[in-house]
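Notes for the structure review
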Amino acid sequence: MLYLKNSGDQLGNKIKDYLLDMSAAHKQVDIEKQESFISENEITIKGEVNILRYLNALKRDLEDERLLSAHACLLNPRNGEMC
């Protein structure tokens, strides 16, 4: 995810805090003269309402993924025992 941040923009600080809190992988690029926004997979997300809606959905997806992967059980291929 590419996060374009205007240093004087409060929305930019909200996005930054949200991404850091989620530990979501992202690259920050500092910009001037426009509002902060997110770009992912050639899709641009602008506006506070749209960005926060997107980040909330991303947070839920990451939580679900982490929950499922945390409960994964691996088998040793040599003897079939759980690791």
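In the block above lies the structure referred to throughout.
Residues numbered from 1 in each chain as written. Predicted model: local features only at pLDDT ≥ 70, side-chain atom pairs only at ≥ 80, totals over all residues. Heavy atoms only, no water.

Examining the packing of aromatic side chains
For the structure on display, the rule yields zero aromatic pairs. Positioned over the ring face of Phe37 is Lys46, at 5.1 Å from the centre of the ring. (Phe/Tyr/Trp six-rings, centres within 6.5 Å; stacked < 30°, edge-to-face > 60°. Lys NZ or Arg CZ within 6 Å of the ring centre and 35° of its normal.)

Brief notes about the nonpolar core
Formed by 13 residues in total, the largest nonpolar core has its most connected members in Ile15, Leu19, Met22, Ile38, Ile51 and Leu55. For this core, the secondary structure elements donating two or more residues are helix H1 (10-22) and helix H2 (48-70). The greatest single-element share of this core, amounting to five residues, is contributed by H1. Sequence-distant contacts of Ile51, defined by excluding residues within four places in its chain, comprise Leu11, Ile15, Ser36, Phe37, Ile38, Ile45 and Lys46. (Core = buried A, V, L, I, M, F, W, Y, C linked by side-chain atoms within 4.5 Å. Buried < 20%, exposed > 50% of the residue type's maximum accessible area, 1.4 Å probe, protein only. Helix = DSSP H or I, 4+ residues; strand = E, 2+ residues; numbered from the N terminus. Contact = heavy atoms within 4.5 Å.)

A few points about the sheet that holds strand E4 (residues 43-45)
Taken in spatial order, the four strands of this open sheet run E2-E1-E3-E4, and their pairing is mixed. Two strands in the sheet have a free side with no partner beyond their single neighbour: strand E2 (27-31) and E4. Neighbour-to-neighbour, the strand axes of this sheet turn through a mean angle of 25°, independent of strand direction. Sheet topology note: the strand E1 (residues 2-6)/strand E3 (residues 37-40) ladder contains three bridges and is antiparallel. When the sheet's bridge partners are listed, Leu2 is paired in E3 with Ser39. Helix-sheet contacts for H1 involve E1, E2 and E3, and the interaxial angle to E1 is about 140°. (Pairing = 2+ DSSP bridges. Axes fitted to C-alpha atoms, helices over the stretch in contact; angles between N-to-C directions.)

Let's talk about the side chain of Lys5
For Lys5, the position within the fold is in strand E1. Buried charged residue Lys5 carries no salt bridge. Nearest counter-charge: Asp30, at 5.6 Å. Separated by 3.1 Å, the side chains of Lys5 and Asn13 make a polar contact. Filtering out sequence-adjacent residues up to four positions away, Lys5 remains in contact with Gly12, Asn13, Lys16, Gln28, Val29, Asp30, Ile31 and Ser36. (Lys, Arg positive; Asp, Glu negative; His and termini not counted. Salt bridge = Lys/Arg side-chain N within 4 Å of Asp/Glu carboxyl O. Polar contact = N/O pair within 3.5 Å; in protein donor to acceptor, adjacent residues only side chain to side chain.)

Some remarks on unusual backbone geometry
Working note: non-glycine residues mostly have negative phi, and peptide bonds are mostly trans. One non-glycine residue, Lys33, adopts positive backbone phi at about 65°. Position of Lys33 relative to the elements: it lies in the loop between E2 and E3. Residues other than glycine seldom take positive phi values, yet Glu42 does so here, at roughly 65°. Counting through the fold element by element, Glu42 comes out in the loop between E3 and E4. Owing to a relative accessible area of 83%, Glu42 belongs among the exposed residues under this scheme.

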